[in-house]
Amino acid sequence: MIIFFLTNTATSKNTTIPVNVGLVLDMNGEDGKIALSCINMSLSDFYNSNSHYKTRLLLNTRNSKGDVVAAAAAALDLLNNVQVQAILGPEKSMQTNFIIQLGNKSQVPILSFSATSPSLTSIRSSYFFRGSLNDSSQVGAITAIIKAFGWREAVPIYVDNQYGEEMIPSLTDALQAIDTRVPYRSVISPLATDDQIEKELYKLFTMQTRVFILHMLPSLGSRIFEKANEIGLMNKGCVWIMTEGMTNLLRTLEPSVIDSMQGVIGVRPYVPKTKAFENFRVRWKRKFLQENPSLFDVELNILGLFAYDATRALAVAVEKAGITSFGFDKTNVSSNATDLEAFGISRNGPKLLQALSSTRFKGLTGDYVFVDGQLQSSAFEIINVNNGARGVGFWTPEKGLTLKLRSNSTTKSKLRPIIWPGDSTSDPKGWEIPTNKRKLRIGVPVTKGFSDFVKVTIDPNTRESASVTGYSIAVFKAVIEELPYAVAYDFVPYAQPDGTSSGSYNDLMYQVFRGKFDAVVGDTTILANRSKFVEFTLPYTESGVSMIVPIKDNKKKNAWVFLQPLTLDLWVTSGCFFIFSGFVVWVLEHRVNEDFRGPAQHQVGTSFWFSFSTMVFSHRERVISNLARFVMIVWYFVVLILTQSYTASLSSLLTVQQLQPTITDFQMLIKSGDNVGYRKDSFVFGILKQLGFDEKKLIAYSSPEECDELFQKGSAGGGIAAAFDEIPYTKPFIGQYCSKYTLIERTFETAGFGFAFPLHSPLVPEVSRAILNVTEGNKMKEIEDEWFKKRASCPDASNAGSSHSLGLNSFRGLFLIAGTAATSALIIFLAVFVCEHRNVLKRSDPRSSLLSRIRILLEIFASRDLSAHNFRDKRGVQVHSTGVTEASPHTGYSPNPSSDSQHTDSNFSFFGEHGSPSTESGDPNPNLHGHP
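What counts and what doesn't
- Residues numbered from 1 in each chain as written.
- Predicted model: local features only at pLDDT ≥ 70, side-chain atom pairs only at ≥ 80, totals over all residues.
- Heavy atoms only, no water.
- Helix = DSSP H or I, 4+ residues; strand = E, 2+ residues; numbered from the N terminus.
- Buried < 20%, exposed > 50% of the residue type's maximum accessible area, 1.4 Å probe, protein only.
- Contact = heavy atoms within 4.5 Å.
- Pairing = 2+ DSSP bridges.
- Right-handed = clockwise from strand over helix to strand, strands pointing away.
- Salt bridge = Lys/Arg side-chain N within 4 Å of Asp/Glu carboxyl O.
- Axes fitted to C-alpha atoms, helices over the stretch in contact; angles between N-to-C directions.
- Polar contact = N/O pair within 3.5 Å; in protein donor to acceptor, adjacent residues only side chain to side chain.
- Core = buried A, V, L, I, M, F, W, Y, C linked by side-chain atoms within 4.5 Å.
- Phe/Tyr/Trp six-rings, centres within 6.5 Å; stacked < 30°, edge-to-face > 60°.
- 1 Å grid on protein atoms, 1.4 Å probe; cavity = no way out; pocket = protein on both sides within 12 Å on 5 of 7 lines; lining within 4 Å.
- Points joined across faces, edges and corners; volume = space filled by probe spheres on them.
- Nonpolar A, V, L, I, M, F, W, Y, C, P; charged D, E, K, R; others polar.
- Patch = residues over 30% accessible without salt bridge, like charges linked within 9 Å, V, L, I, M, F, W, Y side chains within 5 Å.
- Areas by Shrake-Rupley, 256 points an atom, 1.4 Å probe, with all protein chains shown as cover.
- Parallel < 35°, antiparallel > 145°, perpendicular 65-115°, else oblique.
- Left-handed = near helix turned anticlockwise from the far one by under 90°.
- Arc of directions from axis to C-beta.

The protein chain is annotated in an unreviewed UniProt entry as Glutamate receptor 2.7 from Citrus sinensis.

Here it is as structure tokens:
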């Protein structure tokens, strides 16, 4: 069949150049008829819009009849007999594979609009152009969906042919990159019967994975969905994701098939709904019905759109290449050469190759551009089957999942709400307990001694476990209750018929790897070597290994224990403030109080006595000055707090036990060669050997009571000097024997206790999240109180008798207040004193020096202040501001200062025995008294 297109305004044949191109299609199939119709419309639309172009494509159509050999024969015929400049098609990837080799040898471009196999890229032929999307390009969208919902496992279901197999390697690699495991691959023959399909689906039904990726064409995929719906694989909790092979052809499926697919997720290339697209779809439908009246229910699909754009790309490239001469250059072949050897090499191949590589335009499917001969995908649409296809979002290589394709919105939700199988709106967890309804077999260790964590009670009559209790069991039950779904389980002790343990903890873990147990719950430590066989949850206890050592009371009190309540800086500061306060009181009281007068040594002693006697409030001196009283009130407050604090601290030092560990470092044990204990069957034994302990010095114990007995014997008596164990074990032990032993900080780190599950079990992340919920709430504290009550009623031995000396920082504020009060009083006194005697300074000899004037003030300070009320009461004298005394009318005392007011302290002088005598109320200046 030869089709030549001329536009309505075509010029004469002398001005247009027909260019032969081949078209290989399955003309008997529906897809082939759709593609041919779109190709014809593409050429018609293109040349109507570009009537000035000189070239016209001349289609030479060949029917491949859906057969690989027929397609190869058609291509050979086009190359040998027609000498086409390019070939469009064929439809199938298996047909395209051989034709690519022919095009590469003859240098004729092969432009396929429907071959999606990833393996075609590996041929690396520069003359092959894929005008459709590679099947692997949708892998990014599929894995993005799985990652967004956190599914840890997925099972691909694909057809057993080239189309199905070739995408699986890239899909598996992409799933592994997001830490999603592929536990099984379901391969179904394209010729499988319903019974075979049902048998394979039942195999999936017995597995726990419920995320399925379906990669096949509708002819087989529709049967898969109908059978899956029948056996219950389309119920709530299941996830089905179909590739674009089925998603693109949803409209072709029967309504009964669509009903069985409710809740399925699909991905397909995004086609912009432009005006050009809608106009073409209407015109194509009308034209197709005219040409194929019997196919009235056929809808335009992505294959037709790719065929339309690929034809336009070839027409543009032919015009751009400027082809003017045709023909093939013959190769040197023998006369009896086969058809595969007889065809030559196209003269226009390199030009057309370059033109196709640089062709760019906006087609019906979006931006049309080749990169290394491959059409680049711009976006994929995510649809949800719910009484038809409903768009829920998009995926692009740049943005990933997004609600709107051209929006920069940063909304939290990446997809619209999805209706899942079973009409569920809640996100499936992606796995279920296997459908045989078998309860999980939870292995529990059987140990003697440390029953607070796991205690297995064996019925003596039946020799079967009557109950399994303990801290670890209670935590596991609380965690299971936190899960949003029910999990049925049975505890199975890892024990012999006689009730003894069947092996070590490592043996128990290996039973999970062998499949005997579905999980292990107990005091199982998370270790690196165990993680090779099982997968642990997050820990539910503290981590690390600590050393238990005996404690002793440091009852020997030295002779200077009374100094320990206060630190040295506090002692020194207190002493300085006692002296300073005494000095301030002496200054304030010296002129008005007889108790603070007298000989120099008497006044110094009185000041010290008065200051230090305030500690016991036993001083006998009266305080007269108001300023001094203010200072003493503040100082009494400071002394009261200081003495009470000292008394309390000293009492603690003398009466409370001073408990100290006998050993503080495990290196001391290695050097001394003392015996060391460890819990029987614990991994701690291996760690102690690595640390350098002699194996002969390591003694195992099975219970807290046995450990205590070994401590009582001591290392010399065949016992132990210290014990090493994990923190979850050591804390209950210390709680039981808090008066005897204490913990030394953790010697080395471990990961703590965790629950063990099979490798890659989907329960692990679910249980780990539930553990976090339990440990962060009040439930964990309730469980600890229930199983470790002894520890709650016993004081923490590590804090017993911990008495620290009182430091200066504790009393800094008090001393600041006292110092401020004393200093302020002293400044006020000096200011008033200088102000009262400023006239004396003015009447002094102007020629006298500053030192002489200060000397006069000091002599006045050394004398009594007869204006004070206590002196007036005793002597009845009135002191005037001029400093001259007058006789009181009530007493008749003489005003002569030389007779009764000359009361200097004969043994106290600021200037020594040669200094001038100080007066009480007269002016000591000799010039004022007429002295020579």
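Next, the rest of the story.
Enquirer: Any chance you could explain the overall build of the protein chain here in plain terms?
Expert: In terms of regular secondary structure, the protein chain is built from 31 helices and 34 strands. When burial is assessed residue by residue, the protein chain has 50% of its 932 residues classed as buried. Of all intrachain contacts in the protein chain linking residues separated by at least 6 positions in sequence, the fraction that spans at least 24 positions is 71%.

Enquirer: It is not clear to me how the pairing of strand β9 (residues 211-215) should be interpreted in this structure. Could you clarify?
Expert: If a strand is regular, its side chains alternate between the two faces of the sheet. Taken across its five residues, β9 has five buried, putting it largely inside the fold. Across the two faces of β9 the burial is the same, with Val211, Ile213 and His215 and Phe212 and Leu214 all buried. Where strand β7 (residues 155-159) meets β9, four bridges bridge the pair, whose relative direction is parallel. Bridged to Val155 within β9 is Phe212. In terms of strand pairing, β9 meets strand β10 (residues 239-242) through four bridges, oriented parallel. Considered in β10, the bridge of Val211 is made with Val239. Between the parallel pair β9 and β10, the chain is carried across by helix α8 (residues 218-231), and the sense of this crossover is right-handed.

Enquirer: Explain the pattern of salt bridges here, please?
Expert: Pairing is possible between side chains of opposite charge, provided their charged atoms come close. Inspection of every chain in the model, using the stated rule, returns 22 salt bridges. The partner of Glu535 in a salt bridge is Arg152, and the shortest N-O contact between them spans 3.6 Å. Residue Glu535 is found in strand β25 (residues 534-536), and its partner Arg152 is found in the loop between α4 (139-149) and β7; the two are separated by 383 residues along the sequence. Since its relative accessible area comes to 19%, Glu535 is described here as buried. Among the salt bridges present, the one from Glu695 reaches Lys689, with a minimum N-O distance of 3.6 Å. You can call Lys689 partly exposed: its relative accessible area is 40%. Salt bridges sharing partners connect three or more residues here, namely Glu198, Lys227 and Glu230.

Enquirer: Please clarify how the sheet that holds β7 should be interpreted in this entry.
Expert: The strands making up a sheet associate through hydrogen bonds between their backbones, and the pairing can be parallel or antiparallel. Read from one edge of the open sheet, eight strands run β8-β7-β9-β10-β11-β17-β18-β19, paired in mixed fashion. At either margin of the open sheet sits one strand with a lone partner, and together these are β8 (186-188) and β19 (400-402). Averaged over all adjacent pairs, the angle separating strand axes in this sheet is 25 degrees, with direction ignored. Along the sheet, helix α7 (residues 194-205) makes contact with β7, β8 and β9, crossing β8 at roughly 175 degrees.

Enquirer: Even after reading the chapter, I still don't get the side chain of Ser132, so can you show me in this structure?
Expert: Looking at the secondary structure, you find Ser132 in the loop between β6 (128-130) and α4. The exposure class assigned to Ser132 is buried, which follows from its relative accessible area of 2%. In terms of polar contacts, Ser132 uses its side chain to reach the backbone carbonyl oxygen of Ala115, at 3.1 Å. Ignoring any residue separated from it by four or fewer positions in sequence, one finds Ser132 in contact with Ser112, Phe113, Ser114, Ala115, Thr116, Phe306 and Leu375.

Enquirer: Where do I start with unusual backbone geometry in this structure?
Expert: In most cases, non-glycine residues show a negative phi, while peptide bonds are predominantly trans. Here Gly89 and Pro90 are connected by a cis peptide whose omega angle stands at -5 degrees. With respect to the helices and strands, the residue Pro90 is situated in the loop between β4 (87-88) and α3 (93-106). Its identity as a non-glycine residue notwithstanding, Lys65 has a phi of 55 degrees, on the positive side. When you line up the elements, Lys65 lands in the loop between β3 (55-63) and α2 (68-82). Even without glycine at this site, Asp423 takes up a positive phi of about 55 degrees. In this structure, Asp423 sits in the loop between β19 and β20 (440-444). With a relative accessible area of 63%, Asp423 lands in the exposed category.

Enquirer: How should I be thinking about the nonpolar core in this particular structure?
Expert: Considering soluble globular proteins, one finds that nonpolar side chains tend to be buried as a cluster. If you look at the biggest cluster of nonpolar residues, it comprises 84 residues, and the most contacted ones within it are Leu57, Phe113, Phe280, Trp284, Leu314 and Ile382. No other element matches the 14 residues that helix α12 (residues 302-321) contributes to this core. Ignoring sequence-local partners within four residues, the contact set of Phe280 consists of Cys38, Met41, Asp45, Leu300, Leu305, Tyr308 and Leu364. Listed in part, the 50 residues of the second largest apolar core include Val468, Phe491, Phe733 and Val767.

Enquirer: So what exactly am I meant to see when it comes to the packing of aromatic side chains here?
Expert: A complete count under the given rule lists 41 aromatic pairs for this structure. With a centroid separation of 5.6 Å and 80 degrees between ring planes, the pair formed by Phe453 and Phe753 is classed as edge-to-face. Of this pair, Phe453 sits in the loop between β20 and β21 (455-458) while Phe753 sits in the loop between β31 (741-748) and β32 (756-758), and the two are 300 residues apart along the sequence. There is no split in this pair, since Phe453 and Phe753 are both buried. Where Tyr510 meets Phe533, the ring centres are 5.4 Å apart and the plane angle is 80 degrees; that geometry is what we call edge-to-face. Here Tyr510, found in helix α16 (residues 505-514), pairs with Phe533, found in the loop between β24 (519-520) and β25; they are 23 residues apart in sequence, far enough to count as distant.

Enquirer: Is there a simple way to explain empty space enclosed by the protein in this structure?
Expert: It is a probe the size of a water molecule, rolled over the atoms, that shows where empty space is left. Taken as a whole and judged by the stated rule, the model has four cavities of 30 Å³ or more. Of the pockets and cavities examined, the largest cavity occupies roughly 110 Å³. Taken together, 14 residues form the lining of the largest cavity, with Leu133, Phe306, Thr365, Gln376 and Ser378 sitting closest to its centre. Residue assignment for the lining of the largest cavity shows that the elements contributing at least two residues are α12 and β15 (366-371). Here the lining of the largest cavity is built from residues that sort into eight nonpolar, five polar and one charged.

Enquirer: How should I be thinking about the side chain of Lys227 in this particular structure?
Expert: Along the chain, Lys227 turns up in helix α8. Of the residues examined, Lys227 reaches a relative accessible area of 15% and is grouped as buried. With near-sequence residues (within four places) excluded, Lys227 lies in contact with Asp194, Ile197, Glu198 and Leu201.

Enquirer: Can you walk me through a nonpolar patch on the surface in this structure?
Expert: Nonpolar side chains collect at one region of the surface, where Trp560, Phe562, Leu563, Leu568, Trp571 and Val572 lie side by side and expose about 620 Å² of accessible area between them. Looking at the element boundaries, Trp560 is found in the loop between β26 (545-553) and α17 (568-589).

Enquirer: How do you make sense of the packing of α17 against helix α27 (residues 812-836) when you look at a structure like this?
Expert: Geometry of a packed helix pair, given as the angle between the helix axes and the separation of the axes. Close contact between α17 and α27 brings their axes to 10 Å; oriented N to C, the two are set at 25 degrees. Here α27 runs roughly parallel to α17, going by the angle between their axes. Our pair here, α17 against α27, has a crossing hand that is left-handed. When α17 is examined against α27, the residues Leu570, Thr573, Ser574, Phe577, Phe580, Phe583, Val584, Val587 and Leu588 are found in contact with a partner set consisting of Phe815, Ala818, Gly819, Ala822, Thr823, Ala825, Leu826 and Phe829. Considered class by class, the residues forming the contact of α17 with α27 number 13 nonpolar, four polar and no charged.

Enquirer: What should I look at first to understand α16 in this one?
Expert: What sets the pattern is the α-helix's 3.6 residues per turn: residues three or four places apart point alike. Among the residues of α16, those classed as buried are Tyr505, Leu508, Met509, Gln511 and Val512. Angular distribution of buried residues about the axis of α16 spans 150 degrees; they occupy a single face of the element. Of the surrounding elements, those touching the buried residues of α16 are β20, β24, β25, α23 (727-736) and β32.

Enquirer: What should I look at first to understand the environment of Phe450 in this one?
Expert: Relative to the helices and strands, Phe450 resides in the loop between β20 and β21. As for Phe450 and Ser703, which are separated by 253 residues in sequence, their C-alpha atoms are 5.7 Å apart. When residues no more than four places from it in sequence are discounted, the contact partners of Phe450 are Arg679, Tyr701, Ser702, Ser703, Pro704, Asp725 and Tyr729.

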